[in-house]
Amino acid sequence: MQVDGEKYKTLSVYNNMITVPDCVVSGSNKIGDGHGEAKLYIGSKAEMHDFFGNEKFNVKCIMLKSDLIAYMNAVKNEYLNPSQEYARKADLPELWKKRMTKVNNLPNVIEFILEDQYQIGGPRGYIKSFDDGYKLIRELALPLISYIYSEKISNGKEILFYWKLFVDFERINEVQNGALVFKYGKKNTNTAEEIVNNQEIHTQTVAVREARVGQGKYREQLLDQCHYCPFTMISEERLLIASHIKPWFAANDEEKIDPYNGYMLSPMYDKLFDRGYITFTESKHVILSEFISPRTWKQIGLKNNEYFQTLPMDENRIKYLKFHHESVFKGNYEQI
């Protein structure tokens, strides 16, 4: 990856996605009544020390402004239409605007020092920081649906720890009830224009609801474009999943049912793509996340930068893939 124009190599990836809990976030983002605390549980002490260093470690971490912008865009729908009972739920839409402005004014690289909370007994590993970069995570992140991905990187002269905030789209979908409500005019009082408008709203609403469960025109149109899984070449419709490129939660109603926002994939590859363990380049190559071990990739049978000729690719999909690269893929996407 590039940091201020300098090339850094990935040494290792922390084997846990670090969930941002309610106790850590700022007051406006809280769901519970706690006062908040700076220390963050990140896994067992053994795992933590193996990655960050020996007990009492004090390490330099970085975040990228571009990643924070991507996170704020990915979580925008949750700020505007909250699925959880946040302390200042009504204020979140305005807070998104203020926080997005703040992020846009940040330097390209944000640094902070991370400290081992070794004084806390027991097997659980905790970290803490007093720096503004770490406080920024606590301010921006919405609890339980946000998590942190971390890599150990080096340019040959120093070792840094790269942090990136992600949104757990699957968790949000579980929290939301998914009920779709649309309003009709009073009986026998609709004008012809209102009847047409209501029918268009109803048609789109039904299409969105059906797309959510993998049925309807979205799936049919996607199958017309993608007749089979480009990995397995399976064409049996019952064994294929209509996988969104830009996740359901982050998409608007038009994007939810746009067949260009999808691929037909066999179940395992759908899971890999949906969870951000693979992504695609504009030139039809697959990029593998280092969050999955080389041994597992070998067992799956995928190679980094492998070319798939039958993978559908066009300008519309490239637009959606940009979101996948920035906000879904667990790793550093670099065009090859």
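Visitor: Honestly, the overall build of the protein in this entry has me stumped. Any pointers?
Guide: Along the backbone of the protein there are 12 helices and 15 strands. Here the protein, with 336 residues, has 48% of them falling under the buried criterion. Of the contacts made within the protein by residues no fewer than 6 positions apart, 72% connect residues no fewer than 24 positions apart. Accessible area for the protein stands at about 17100 Å²; split by element, carbon and sulfur atoms hold 49% of it.

Visitor: Explain the environment of Ser283 to me, please; I cannot follow it from the model alone.
Guide: Residue position: Ser283 is located in the loop between strand S13 (278–280) and strand S14 (285–288). Separated by 22 residues in sequence, Ser283 and Asn305 have C-alpha atoms that sit 9.9 Å apart. A polar contact of 3.0 Å, which involves the side chain of Ser283, links it to the side chain of Thr281. In terms of polar contacts, Ser283 uses its side chain to reach the side chain of His285, at 3.0 Å.

Visitor: Sorry, what's going on with the packing of helix H2 (residues 65–74) against helix H4 (residues 92–104) here?
Guide: How two helices pack is summed up by the angle between their axes together with the distance between the axes. Where H2 meets H4, the axes come as close as 9 Å, and the angle between the chain directions of the two elements is 165°. Comparing the axis directions of H2 and H4 gives the class roughly antiparallel. Helix-helix and strand crossings are classified by hand; for H2 and H4 the assignment is left-handed. Between H2 and H4, the contacting residues are Lys65, Leu68, Ile69, Met72 and Asn73 on the first element and Trp96, Arg99, Met100, Val103 and Asn104 on the second. Looking at the contact of H2 with H4, its residues break down into six nonpolar, two polar and two charged.

Visitor: Can you help me understand the confidence of the model for the protein in this one?
Guide: Caution applies to low-pLDDT regions: their predicted coordinates should not be interpreted in detail. When pLDDT is averaged across the protein, the result is 87; 86% of the residues are at 70 or more. Low pLDDT, under 50, characterises residues 177–203; the predicted model gives this stretch 15 contacts beyond four residues in sequence or across chains.

Visitor: Help me understand the packing of aromatic side chains in this model?
Guide: Aromatic ring pairs are described here by two measures, namely the spacing of the ring centres and the angle between the planes. Enumeration over the complete set of coordinates arrives at 20 aromatic pairs. Ring centres of Phe112 and Trp163 lie 5.5 Å apart, and the angle between their planes is 80°; on these two criteria the pair is classed as edge-to-face. Taken as a pair, Phe112 in strand S7 (residues 109–116) and Trp163 in strand S10 (residues 159–167) lie far apart in primary sequence, 51 residues in all. Looking at Trp163, the relative accessible area reads 1%, which means it is buried. Ring centres of Tyr277 and Phe291 lie 6.1 Å apart, and the angle between their planes is 0°; on these two criteria the pair is classed as stacked. Of the two residues, Tyr277 sits in the loop between helix H10 (267–274) and S13 while Phe291 sits in the loop between S14 and helix H11 (294–300), which places them 14 residues apart along the sequence.

Visitor: I'm lost on the nonpolar core in this one. Help?
Guide: One recurring pattern in soluble globular proteins: nonpolar side chains tend to sit buried together. Counting residues in hydrophobic clusters, the biggest one holds 50 residues, and the most contacted among them are Phe52 and Trp163. By residue number, the principal contributor to this core is H4, which donates five residues. Grouped together as the second largest cluster of nonpolar side chains are 43 residues, Val3, Tyr269, Phe280 and Leu321 included.

Visitor: Can you help me understand the environment of Phe329 in this one?
Guide: Relative to the helices and strands, Phe329 resides in the segment after helix H12 (315–327). Once residues within four sequence positions are removed from consideration, Phe329 is found in contact with Lys164, Phe166, Gly276, Tyr277, Ile278, Thr279, Ile287, Leu288, Ser289 and His324.

Visitor: Help me understand the sheet that holds strand S15 (residues 306–307) in this model?
Guide: Spatial ordering of the open sheet is given by S13-S14-S15, a layout of three strands whose pairing is antiparallel. The open sheet is flanked by S13 and S15, the only strands paired with a single partner. The pairing of S14 with S15 spans two bridges and is antiparallel. Residue pairing for S15: His285 is matched across the bridge by Tyr307.

Visitor: I tried to follow the pattern of salt bridges on my own but got confused; where do I start?
Guide: The final tally for this structure, using the stated rule, is 12 salt bridges. Note that Lys322 and Glu326 form a salt bridge whose closest N and O atoms lie 2.6 Å from each other. One end of the pair is Lys322 and the other is Glu326, both in helix H12 and four residues apart, which spans about a single turn. A relative accessible area of 48% places Lys322 in the partly exposed class. When its relative accessible area of 34% is taken as the criterion, Glu326 is described as partly exposed. In this structure, a network of salt bridges that share partners links the residues Arg99, Lys102 and Glu139.

Visitor: Would you mind going over the pairing of S10 with me for this structure?
Guide: Regular strands place their side chains on alternate faces of the sheet. With eight of its nine residues buried, S10 lies for the most part within the structure. Pairing analysis gives two bridges linking strand S6 (residues 58–64) to S10, with the strands arranged parallel. In the sheet register, Cys61 faces S10, and the bridge partner there is Phe161. Here nine bridges tie strand S9 (residues 146–154) to S10, and the two strands are oriented antiparallel to one another. Bridge pairing in S10 places Ile153 opposite Leu160. The hairpin turn running from S9 into S10, its antiparallel successor, is four residues long, and Gly156 in that turn takes a positive phi close to 95°.

The rules behind each value
The residue numbering used here restarts from 1 in each chain and proceeds along that chain's sequence as written. Given that the model is predicted, a residue must reach a pLDDT of at least 70 before its local features are reported, and side-chain atom pairs must reach 80 or more before they are shown or counted; all residues, however, enter totals for whole chains, interfaces and linings. Working from all heavy atoms in the structure, the side-chain values ignore hydrogens and water. Only DSSP runs of H or I reaching four residues or more are called helices, and only runs of E reaching two or more are called strands; each is numbered from the N terminus. Burial classes: relative accessible area under 20% of the type maximum marks a residue as buried, over 50% as exposed, and values in between as partly exposed (1.4 Å probe, protein chains only). Contacts were defined at the residue level, with two residues in contact if any of their heavy atoms lie within 4.5 Å. The method behind every accessible area is Shrake-Rupley, applied with a 1.4 Å probe, and residues are considered shielded solely by the protein chains displayed. Pairs of N or O atoms within 3.5 Å make up the polar contacts considered here, provided that, within protein, one atom can donate a hydrogen while the other can accept it, and that residues adjacent in sequence are counted only when both atoms are side-chain atoms. Helix axes are fitted to C-alpha atoms over the stretch in contact, other axes to C-alpha atoms as well, and angles between N-to-C directions run from 0 to 180 degrees. Angle categories are assigned with fixed cut-offs, so that under 35 degrees is roughly parallel, over 145 is roughly antiparallel, 65 to 115 is roughly perpendicular, and the rest are oblique. In this scheme, a crossing is called left-handed if the near helix is turned counterclockwise away from the far one by less than a right angle; it is called right-handed if the turn is clockwise. Side-chain classes follow a simple rule in which Ala, Val, Leu, Ile, Met, Phe, Trp, Tyr, Cys and Pro form the nonpolar group, Asp, Glu, Lys and Arg form the charged group, and the remainder, Gly included, forms the polar group. Values of pLDDT, the confidence the predictor places in each residue, fall between 0 and 100. Two rings from Phe, Tyr or Trp (for Trp, the six-membered ring) form a pair when their centres are within 6.5 Å of each other. A pair whose planes differ by under 30 degrees is stacked, one over 60 is edge-to-face, and the rest are tilted. To define a nonpolar core, start from buried Ala, Val, Leu, Ile, Met, Phe, Trp, Tyr and Cys residues and group those joined through side-chain atoms within 4.5 Å. Pairing between strands is defined by DSSP: at least two bridges between the two strands are required. Basic side-chain nitrogens of Lys or Arg form a salt bridge, by our definition, when they fall within 4 Å of a carboxyl oxygen of Asp or Glu.

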